[in-house]
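Summary of structural features
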Amino acid sequence: MRKDYAPRLGGPNDDRACRSTSDGPIALSSFAMQPTTIEGIRAMRADRRSKVDSDKALLRAAQIDLVRLQRHVIETGQKVLVLFEGRDAAGKDGTIKRVSQHMSPRDTRIVALAPPSDRDRRSWYFQRHVAHFPVAGEIALFNRSWYNRAGVERVMGYCTKKEYEQFLETVPMFETLLTHCGVKLVKYYLDISKAEQRRRLKDRRDDPLTQWKTSPVDDQAVKLWKAYSKARDEMLLSTHTDAAPWRIVRADDKPKARLNVIRDLLTHFDFGGQARQTEPPDDENVFKFHGDALRNGQIAR
């Protein structure tokens, strides 16, 4: 062991490393090696700066290809619709921000709908979403979508059992129609662990810059973890189709998840010109849904 390092509890998950939790036994990885000398601290900071610089360079390369992709979408008149689903605090906002950061705001739509109005509740369920679909040359990024019915509405009792069952029956037909009519539909489910969700929700409540994200539903998110897991599993199994497959993103590591979502999104399009700047996605981080993932630990339980 280096003399300028010593074992100590620490890191971003400090609170979990210091005590037992309901999520299971504490892993040895919870014990971080922390520097105890000036030289050690400087070396640690240099390592962190190098890692951050490397992450930024990789993200920039991926975003350059995204700009090229958007140019291709505009020139070919494609209609691109990307859905981002996941539990509360899964990282949907941050991922969408990195995807859209350098894209043309005139040709990019970010859709995050408010709770349905009385009129919305009396209309065809998909109607209020269709109004925000992309036209030719546009990319629309949905921060949550019609899949609210299979998640929060199902768990919190905001829809009836009949409405829920009807949704699961009709959504594959609806999405098949979209793809048949020329919409390029890509669906991402951002998956996080229970411990990570708890930590992020606490950070959200404590940070005055993110408190606007909190809602009464957040207070139930961890308590109803198993109910949300069951609803997620039913949703994935019922709505993963050849026409509109689900892509699962392991999102405990935010920078890695954001980078690999962009890399994966690029693989859904064939656009020529210069060689792509970015590498293929890490298939351990983003992968096509399959039933075994619900049992082998690839998806959080």
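See the structure above.
The following refers to the structure shown. Small disclaimer: the values here were computed from a predicted structure and weren't measured.

What the chain contains, in helices and strands, is eleven helices and eight strands. Pairs at least 24 residues apart make up 75% of the contacts formed inside the chain by residues separated by at least 6 positions. For the chain, the computed accessible surface area is about 16,800 Å², with 52% contributed by carbon and sulfur atoms.

The biggest cluster of nonpolar side chains holds 31 residues, and the ones touching the most others in it are Leu81, Trp146, Tyr147, Phe167, Leu236 and Ile299. Only β3 (79-86), β5 (138-143), α7 (161-180), β6 (183-191), α10 (225-239) and β7 (246-250) provide two or more residues apiece to this core. Per-element accounting of this core gives the leading share, six residues, to α7. Not counting residues up to four positions away in its chain, the partners in contact with isoleucine 299 are Asp191, Arg232, Leu236, Ile248, Phe287, Phe289, Ala293 and Leu294. Residues Ala62, Ile139, Leu141 and Leu190 belong to the second largest nonpolar core, which totals 29 residues.

A few words now on the pairing of β7. Counting buried positions over the five residues of β7 gives four, a clear majority of the element. Two elements, β6 and β7, share five bridges in a ladder whose sense is parallel. The residue of β7 that forms the bridge with aspartate 191 is arginine 250. With three bridges connecting them, β7 and strand β8 (residues 286-288) associate as antiparallel partners. Across the sheet, residue isoleucine 248 finds its bridge partner in β8, namely phenylalanine 287.

As a further point, take the sheet that holds β6. Reading across the sheet, the six strands line up as β4-β5-β3-β6-β7-β8 and stay open at both edges, with mixed pairing between neighbours. Among the strands making up the open sheet, the edge pair consists of β4 (108-111) and β8. Sheet twist, expressed as the mean angle between neighbouring strand axes with direction ignored, is 20 degrees. Of the strand pairs in this sheet, β3 and β5 are connected by six bridges, and their pairing is parallel. The partner of valine 80 across the bridge, within β5, is isoleucine 139. Along the sheet face, helix α3 (residues 92-100) touches β3, β4, β5 and β6 and points at about 165 degrees away from the line of β5.

Calculation criteria
Residues numbered from 1 in each chain as written. Predicted model: local features only at pLDDT ≥ 70, side-chain atom pairs only at ≥ 80, totals over all residues. Heavy atoms only, no water. Helix = DSSP H or I, 4+ residues; strand = E, 2+ residues; numbered from the N terminus. Contact = heavy atoms within 4.5 Å. Areas by Shrake-Rupley, 256 points an atom, 1.4 Å probe, with all protein chains shown as cover. Core = buried A, V, L, I, M, F, W, Y, C linked by side-chain atoms within 4.5 Å. Buried < 20%, exposed > 50% of the residue type's maximum accessible area, 1.4 Å probe, protein only. Pairing = 2+ DSSP bridges. Axes fitted to C-alpha atoms, helices over the stretch in contact; angles between N-to-C directions.

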